[in-house]
Amino acid sequence: MINLQVRGENGTIEARANHGVVWGPELAGLDQAAFPMLGHLLPYAYTVFNHRQVSILLKEVPRLPAGVLTDEFARELVELGQVVLDGQGLYLWFLGD
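Remember, it's a predicted structure, so these values are computed and weren't measured experimentally. (Residues numbered from 1 in each chain as written. Predicted model: local features only at pLDDT ≥ 70, side-chain atom pairs only at ≥ 80, totals over all residues. Heavy atoms only, no water.)

Engineer: Describe the sheet that holds strand 1 (residues 3–8), listing the residues and the values that go with them.
Structural biologist: With antiparallel pairing, four strands are arranged side by side in an open sheet as 2-1-4-3. Either end of the sheet is taken by a strand with one partner, and the two such strands are strand 2 (13–16) and strand 3 (46–49). Taking the axes of each pair of neighbouring strands and ignoring which way they run, one obtains an average angle of 25 degrees across the sheet. Of the pairings in the sheet, the one linking strand 1 to strand 4 (residues 90–95) comprises six bridges and is antiparallel in character. Note on strand 4: the bridge partner recorded for Gly 8 is Leu 90. Strand contacts of helix 2 (residues 51–60): strand 3 and strand 4, with the helix running at about 100 degrees to strand 3, the strand carrying the most contacts. Its contacts with the sheet put helix 3 (residues 71–86) on strand 1, strand 2 and strand 4, and the angle it makes with strand 4 is roughly 150 degrees. (Pairing = 2+ DSSP bridges. Helix = DSSP H or I, 4+ residues; strand = E, 2+ residues; numbered from the N terminus. Axes fitted to C-alpha atoms, helices over the stretch in contact; angles between N-to-C directions. Contact = heavy atoms within 4.5 Å.)

Engineer: So what's going on with the nonpolar core? Residues and values would help.
Structural biologist: Leu 69, Leu 77, Leu 92 and Phe 94 are the most contacted members of the largest nonpolar core, which has 28 residues in total. Elements with a contribution of two residues or more to this core: strand 1, helix 2, helix 3 and strand 4. The dominant element in this core, judged by the number of residues it contributes, is helix 3, at five residues. Once residues within four sequence positions are removed from consideration, Phe 94 is found in contact with Ile 2, Asn 3, Leu 4, Leu 38, Leu 41, Ala 45, Tyr 46, Thr 47, Phe 49, Leu 57, Phe 73 and Leu 77. (Core = buried A, V, L, I, M, F, W, Y, C linked by side-chain atoms within 4.5 Å. Buried < 20%, exposed > 50% of the residue type's maximum accessible area, 1.4 Å probe, protein only.)

Engineer: Requested: an account of the packing of aromatic side chains, with residues and values cited.
Structural biologist: What the rule picks out here adds up to two aromatic pairs. Ring centres of Tyr 46 and Trp 93 lie 5.9 Å apart, and the angle between their planes is 70 degrees; on these two criteria the pair is classed as edge-to-face. Of this pair, Tyr 46 sits in strand 3 while Trp 93 sits in strand 4, and the two are 47 residues apart along the sequence. Ring centres of Phe 49 and Phe 94 lie 5.5 Å apart, and the angle between their planes is 80 degrees; this geometry places the pair in the edge-to-face category. Residue Phe 49 is located in strand 3, and its partner Phe 94 is located in strand 4; the two are separated by 45 residues in the primary sequence. You can call Phe 49 buried: its relative accessible area is 5%. (Phe/Tyr/Trp six-rings, centres within 6.5 Å; stacked < 30°, edge-to-face > 60°.)

Right under this line is the structure:
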């Protein structure tokens, strides 16, 4: 399971998703050239995106093939990404287990 959080520069959790995404063949098989942000997630590590990277990430979400993300997770991903874009010194964290 990969969970999602927004953290400040000092590591404080500013917001978190209620839903995670299960690591499966759909997510693991994303074309990294077509989806440079989500295609580089790892199921066992943390991945952190800054303001510029979140901008690119949010453009990937509507283009994802069906079944890669649940509707709930995709919605929360966009919402938390917008929190990062609207704030200062915030980062979007994907937390693998």
